[in-house]
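Survey of secondary and tertiary structure
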Amino acid sequence: MPEYVIEMNHIRKEFPGIVANDDITLKLRKGEIHALLGENGAGKSTLMSVLFGLYQPEKGTIKKDGQEVKIENPNDATELGIGMVHQHFKLIDVFTVLDNIILGAETTKFGFLKKKEAREKVAELSERYGLKVNLNAKVEDITVGMQQRVEILKMLYRDNDILIFDEPTAVLTPQEIDELMEIMRGFAREGKSILFITHKLNEIMAVSDRVTVLHKGKCIGTVNTKDVTKSELSTMMVGRPVQLEITKGESRPTDVVLSVRDLTVPSKVHKNDAVRSVSFDVRGGEIVCIAGIDGNGQTELVQGLTGLEKMSRGSITLCGSDISGASIRKRSVTGMSHIPEDRHKHGLVLDYTLEQNLVLQKYKDPQFQRGGFIRFDEVRKYADKLIEEYDVRSGQGAVTTARSMSGGNQQKAIIARELDRDAPLIIAVQPTRGLDVGAIEHIHRQLVHERDRGKAVLLVSLELDEVMSLADRILVMYEGEIVGELDPKKTDAQELGLYMSGAKREEKGEQ
Amino acid sequence: MYRLDKETGKQKFFAGDGTKSVISALISIFIGMLVGTLIVVFVGLNSDGISAKGILEGIKLIFLGLFSTGRDGGDLSFGFNVVNIGNMLFRATPLILTGLSVAVAFKTGLFNIGAPGQYLMGTAASICIALSVPTSSVPAGIVWVLAFCGGILAGALWGAVPGALKAFLNINEVITCIMTNWIAANLVTWFFDKSNLKNMTEAGKVGYTYKTSVNGVQTPGLGLDKIFAGSQVNGGIIIAVIIAVIMYVMMSKTTFGYELKACGANRHAAKYAGINDKKNIILSMVIAGGLSGSAAALYWLSGHTEFYWSTYQALPAVGFNGIPVALLAANNPIAVIFSGCFMSILNIAGMQLKTLTAYNEYITDIIIATIVYLSAFSMMIKTIINNVQKKKSEKGGEK
């Protein structure tokens, strides 16, 4: 029996203008949990796509159980027992859980479905690995955590024994993450081999046996998890020492900058209100964090605050003036910066150049126009200044099309634009989503810096680490309401998780 | 060293996006003409009335129709023909403007297939004003300006309808444009049917309005009528070119254009930035409609055109031809001037085919149709150019 179930030797994959994988070797042992760590754009997903048959490498070989194999499409991968849980689930919302699991591998007789056998097999698998699912429920009605279990069952149903997890914890609560880790350990004990793509160091330390680190398309090395520390790993990943815990001094809250009373925002998906009578204050010099599981009204809360959606009730006061019914521009001018949740939908005009995007709100300032004509030289000067100050990297500088920039640099551009407006209130929604450790560190530092300059920061985040390390106060949202206000120094991830999942709530009183 | 420098220079030239648009447009035109040639050959081979010489003449006219000077003895003669060029410029005028109408809307993310309807409304308004305001009491020049502005306004209002439906109810503008086109066609027919602007005096004419020159209203020649004596050309082409330049400046140099394009490229991001997306969508369609209206005004106010008002069963082709004009120009307002002229050249070639040979003018319609198809493939042609470049540079690297 060969030592490795999968060997990827000297893989090289090029895309126009970039080498995504440069001579990467990855060897997976039977029964191990092998983490693949790297920044965004390091080549993790490309490497896994090569293994899953979505891309053909220019050079290099893949061996399964010591035999060289050619994987030309995902069907080949499935035949070899390779399964993958994608970051964005590939499920059909209106099908039941069972139908989703058997889709593409149905048991049939004379062309008719034989669901009974399938149901027994799935039930047995779900029992054995502790993957609790309701087979008759429709996917659209179940939680994200359960959807992920469905994806895992899909792999098991196909008798895959090499399981690839692409950033599986991004959408889960702390409790669900713990459960997933336990499930993964169970697989390893059964002799299944797991490839686990992530950039979260805590999870790697908790669950993996070995780690392969990629950096800018190159393989930095493979190490035994127990021989390394988190900071060593992050140094390997980023290529320089990184400060993992943000250091920040005591907050010195000053006057109330944003005051929200009884804010109610209707939902676009269902008849109930998405935000229900929410009241809170944010003062200058503090970071207030809205924590919660995705879809509990955070998005709508921010849309109500920024004016992207109309609120149905309540009042918003910014810097002493009532902006409840004000236009988006009025709010922005009154003193609101907004780092939006979806940088492609709201944050950028992707077909505009970087410089055009950097003046997205400011193009009408006298600095940038005279008599309605854009002063292109001034725009260029300003853009170059921001690019320099905020280290926004792109192919052709100010005239690069935003679409062609990397996600991290797109986000940097948005942050540069929003912070440079020098507004007293900064609303940042998941500002580090999808970014790597180096970029996250940078953005966190900038937010703390703005706080120390006396700005009021309202941070909406799904990442518990981010919430715990940045917030001066935490407000937990659950089903459109604020169910608790916590002090990050006096709480922990477990307690926060209980509030987030609705298991615990403060009695509503005057705050 | 010299060769190397020259090569990098060439690569830079071909790397520009504008250059690629021009090349892909030229390729589309070339293939379109080729298809036209083939059809001339096939039609010629299959009809008894056309000899080999006739086929050759047909092909000559497709490529050189603009320079045809009729027949000299038995053979086609070619030369500098001021009448053809003047007529070409006259016919290019409305094409440039409807082309601009489609191009400006495209740049703001809207597909203005409503140009025919806007053109019809502009037609009705400008003819009505030009014929109804008595030049005995109001100077003809003023009436012309009123009629021109009336045409623009009517087109703009007609464009505003799909714009408003898109902005407030999020109804796809293509659907509403198609519907407003036919509403316009019927409305205009009904209006002229009930009016006293129908030409009843000339025998044998049914369904036409009076020429605006009957009331003494007519676009001034601005000297062009002297240069291209005997042709229909007038100052309208100069106005169209000025409007194209204004559109170019507006779209690429002003904050207004910045807003319009931002709404087109990403309505959500524009809204996020505090731009009034609804207002801008309506304004885009108002401008597009106004441009189509101006196309109509300049065509019908020439003084020697008669409008066939019973149009409820057919939409004016010049409205739809704005689409290929805009596509060929890659929606660049300045390029629209040239693509509009090109379409008009084909038009002239078609007329020459009809008068000088046994062929009819519909062959040029096929050429236009082919070009429209290929324009839609311009992205593909650009990709092919890219690939060829890449291969060349790879080969160069290996050497």
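So, how was this worked out
- Residues numbered from 1 in each chain as written.
- Chains lettered and ligands numbered in written order.
- Predicted model: local features only at pLDDT ≥ 70, side-chain atom pairs only at ≥ 80, totals over all residues.
- Heavy atoms only, no water.
- Helix = DSSP H or I, 4+ residues; strand = E, 2+ residues; numbered from the N terminus.
- Rg over C-alpha atoms; globule rule 2.2 N^0.38 Å.
- Contact = heavy atoms within 4.5 Å.
- Areas by Shrake-Rupley, 256 points an atom, 1.4 Å probe, with all protein chains shown as cover.
- Lys, Arg positive; Asp, Glu negative; His and termini not counted.
- Charge placed at Lys NZ, Arg CZ, Asp CG, Glu CD.
- Phe/Tyr/Trp six-rings, centres within 6.5 Å; stacked < 30°, edge-to-face > 60°.
- Lys NZ or Arg CZ within 6 Å of the ring centre and 35° of its normal.
- Buried area = accessible area lost by both parts, 1.4 Å probe.
- Salt bridge = Lys/Arg side-chain N within 4 Å of Asp/Glu carboxyl O.
- Polar contact = N/O pair within 3.5 Å; in protein donor to acceptor, adjacent residues only side chain to side chain.
- Nonpolar A, V, L, I, M, F, W, Y, C, P; charged D, E, K, R; others polar.
- Buried < 20%, exposed > 50% of the residue type's maximum accessible area, 1.4 Å probe, protein only.
- Pairing = 2+ DSSP bridges.
- 1 Å grid on protein atoms, 1.4 Å probe; cavity = no way out; pocket = protein on both sides within 12 Å on 5 of 7 lines; lining within 4 Å.
- Points joined across faces, edges and corners; volume = space filled by probe spheres on them.
- Domains from an automatic or database assignment.
- Axes fitted to C-alpha atoms, helices over the stretch in contact; angles between N-to-C directions.
- Parallel < 35°, antiparallel > 145°, perpendicular 65-115°, else oblique.
- Patch = residues over 30% accessible without salt bridge, like charges linked within 9 Å, V, L, I, M, F, W, Y side chains within 5 Å.
- Expected span 1.5 Å × (residues − 1).
- pLDDT = per-residue confidence, 0-100.

Another point: the overall build of chain A. Summing up its helical and strand segments, chain A has 17 helices and 24 strands in all. Taking 24 Å as the expected radius of gyration for a compact globule of 511 residues, we find that chain A reaches 25 Å, a close match to that expectation. With respect to the three principal axes, the spread of C-alpha positions in chain A is 70 × 50 × 45 Å. Taking contacts inside chain A between residues at least 6 apart in sequence as the whole, the part at least 24 apart equals 66%. A total of about 22900 Å² of accessible surface is found on chain A, and carbon and sulfur atoms cover 48% of it. Across chain A, the mean location of the 70 positive side-chain charges is 3 Å away from that of the 78 negative side-chain charges.

What follows is about the packing of aromatic side chains. Evaluated as defined, the whole model comprises twelve aromatic pairs over all chains. Between the aromatic rings of Phe90(B) and Tyr299(B), the centroid separation amounts to 5.2 Å while the plane-to-plane angle is 20°, which identifies the pairing as stacked. Taken together, the residues span a long stretch of sequence, with Phe90(B) in helix α4 (residues 82-107) and Tyr299(B) in helix α12 (residues 277-300) at a distance of 209 residues. Through pairs of rings, three or more aromatic residues link up here, namely Phe90(B), Phe191(B), Phe192(B), Tyr299(B), Trp300(B) and Phe307(B). Sitting over the face of the ring of Tyr157(A), Lys121(A) holds its NZ or CZ atom 4.8 Å from the ring centroid.

Contact residues are listed per partner, giving 26 residues for chain A and 19 residues for chain B. Between chain A and chain B the total buried area reaches about 2100 Å² when both faces are included, carbon and sulfur atoms providing 61% of it. Three residues stand out in chain A for area buried against chain B, namely Lys345(A), Tyr352(A) and Tyr363(A), and they jointly supply 24% of the buried area on that side. Linking chain A to chain B there are one salt bridge. Between Glu259(B) and Lys364(A) there is a salt bridge, and its shortest N-O distance comes to 3.2 Å. Scanning the region where chain A abuts chain B turns up 16 residue pairs in polar contact (both at pLDDT 80 or more). When residues of the side of chain A that touches chain B are traced back to their parent elements, those giving at least two are α10 (328-335), α11 (343-347), β20 (373-374) and α14 (407-420) of chain A. Ranked by the residues each element gives to the side of chain A that touches chain B, the list is headed by α11(A), at four residues. Of the residues in the side of chain A that touches chain B, the class split is twelve nonpolar, eight polar and six charged.

A few words on the pairing of strand β11 (residues 210-215) of chain A. Residue and element names in this part refer to chain A. When you tally the buried positions in β11, you get six out of six residues, the bulk of the element. Taking every second residue as pointing to the same face, both faces of β11 are buried, with Arg210, Thr212 and Leu214 on one and Val211, Val213 and His215 on the other. The pairing of strand β3 (residues 33-38) with β11 spans five bridges and is parallel. Its bridge partner being in β11, Gly38 is matched across the sheet by Leu214.

Let's shift gears to the side chain of Thr432(A). Residues and elements named next belong to chain A. Its location among the elements puts Thr432 in the loop between β21 (425-429) and α15 (437-452). A distance of 2.4 Å separates a polar atom in the side chain of Thr432 from a polar atom in the side chain of Glu466. Each residue touching Thr432, except ones within four places of it in the same chain, is listed here: Ile440, Ile443, His444 and Glu466.

Residues and elements named next belong to chain A. Applying the stated criterion to the full structure yields 43 salt bridges over all chains. As a salt-bridge pair, Glu124 and Arg128 come within 3.2 Å of each other at their nearest N and O atoms. With a gap of four residues between them, Glu124 and Arg128 both fall in helix α4 (residues 115-128), about one helical turn apart. Taking relative accessible area as the criterion, Glu124 reaches 40% and is therefore assigned partly exposed. It is possible to trace a salt-bridge network through shared partners that takes in Arg12, Glu14, Asp22 and Lys218.

Moving on to empty space enclosed by the protein. Residue and element names in this part refer to chain A. Counted under the stated rule, the structure contains three cavities of 30 Å³ or more. Of the volumes computed, that of the largest cavity is approximately 90 Å³. Mapped by element, the contributors of at least two residues to the lining of the largest cavity are α10 and β18 (336-339). A per-element tally of the lining of the largest cavity places α10 first, with three residues.

What follows covers the domain arrangement of chain A. All names here are of chain A. When cut into domains, chain A gives domain 1 (4-238) and domain 2 (256-350 + 423-500). Each of domain 1 and domain 2 was reduced to a C-alpha centroid, and the two centroids are 33 Å apart. Where domain 1 touches domain 2, the interface holds one residue pair in polar contact (both at pLDDT 80 or more). Looking at the side of domain 1 that touches domain 2, the elements that each hand over two or more residues are α6 (174-189) and α8 (230-238). The element best represented in the side of domain 1 that touches domain 2 is α6, accounting for three residues. Grouping the amino acids of the side of domain 1 that touches domain 2 by side-chain chemistry returns three nonpolar, five polar and three charged.

Residues and elements named next belong to chain A. Reading across the sheet, the six strands line up as β18-β21-β22-β15-β23-β24 and stay open at both edges, with mixed pairing between neighbours. Strands with a single pairing partner mark the edges of an open sheet, and in this sheet they are β18 and β24 (481-486). Averaged over all adjacent pairs, the angle separating strand axes in this sheet is 20°, with direction ignored. Here β21 runs beside strand β22 (residues 456-461); their pairing, made up of five bridges, is parallel. Paired with Leu425 across the two strands is Ala456, which belongs to β22.

Glancing now at the environment of Phe148(B). Residue and element names in this part refer to chain B. Tracing the backbone shows Phe148 in helix α6 (residues 140-169). When the C-alpha atoms of Phe148 and Gly18 are compared, they prove to be 34 Å apart, with 130 residues separating the residues in sequence. Look past the residues within four positions of Phe148 in its chain and what remains in contact with it is Ile239, Ser294, Ala297, Leu298 and Leu301.

Attention now goes to unusual backbone geometry. Most peptide bonds are trans, and most residues other than glycine sit at a negative phi. Although it is not a glycine, Glu479(A) adopts a positive phi angle of roughly 45°. In this fold, Glu479(A) is placed in the loop between β23 (473-478) and β24. The phi dihedral of Leu222(B) is positive, around 50°, even though this residue is not glycine. Checked against the element boundaries, Leu222(B) lands in the loop between α7 (173-194) and α8 (224-227).

This part takes up the packing of helix α10 (residues 255-265) of chain B against α12(B). Residue and element names in this part refer to chain B. At a minimum axis distance of 9 Å, the contact between α10 and α12 shows a crossing angle of 105°. With respect to their mutual orientation, α10 and α12 come out roughly perpendicular. Contacts between α10 and α12 involve Phe256, Glu259, Leu260 and Cys263 from the first element and Asp277, Asn280, Leu283, Ser284 and Ile287 from the second. In terms of residue class, the contact of α10 with α12 is made up of five nonpolar, two polar and two charged.

Together, Ile175(B), Met179(B), Ile183(B), Leu187(B), Trp190(B) and Phe191(B) make up a nonpolar patch on the protein surface, roughly 590 Å² of accessible area in all. The topology assignment puts Phe191(B) in helix α7.

Turning our eyes to something else, we now look at α7(B). Residue and element names in this part refer to chain B. With 22 residues, α7 extends 31 Å between its outermost C-alpha atoms, agreeing within 8% with the 32 Å of an ideal straight helix rising 1.5 Å per residue. Among all positions of α7, only Glu173, Thr176, Cys177, Thr180, Asn181, Ala184, Ala185, Val188, Thr189 and Phe192 are buried. The inward-facing, buried residues of α7 contact α5 (115-132), α6, α12 and α13 (317-328). Sitting at the head of α7, Asn172 places a side-chain oxygen 2.7 Å from the backbone nitrogen of Val174.

This paragraph deals with the confidence of the model for chain B. Low-pLDDT stretches of the model should not have their predicted coordinates read in fine detail. Looking at chain B as a whole, the pLDDT averages 84, with 91% of positions reaching at least 70. Scored below 50 in pLDDT, residues 1-14 of chain B makes five contacts in the model with residues more than four places away or belonging to other chains.

Taken in spatial order, the four strands make up an open sheet running β14-β13-β16-β17 (chain A), and their pairing is antiparallel. The two strands at the open ends of the sheet, each matched to only one other strand, are β14 (273-283) and β17 (321-322) of chain A.

Turning next to α5(B). Over its 18 residues, α5(B) runs 25 Å from end to end, which matches the ideal 26 Å to within 8%, given 1.5 Å per residue. Summarising burial for α5(B): 15 of the 18 residues are buried, a large majority.

So, about the environment of Ala493(A). Here Ala493(A) shows up in helix α17 (residues 493-500). Along the primary structure Ala493(A) and Thr173(A) are separated by 320 residues, whereas in three dimensions their C-alpha atoms are 9.7 Å apart.

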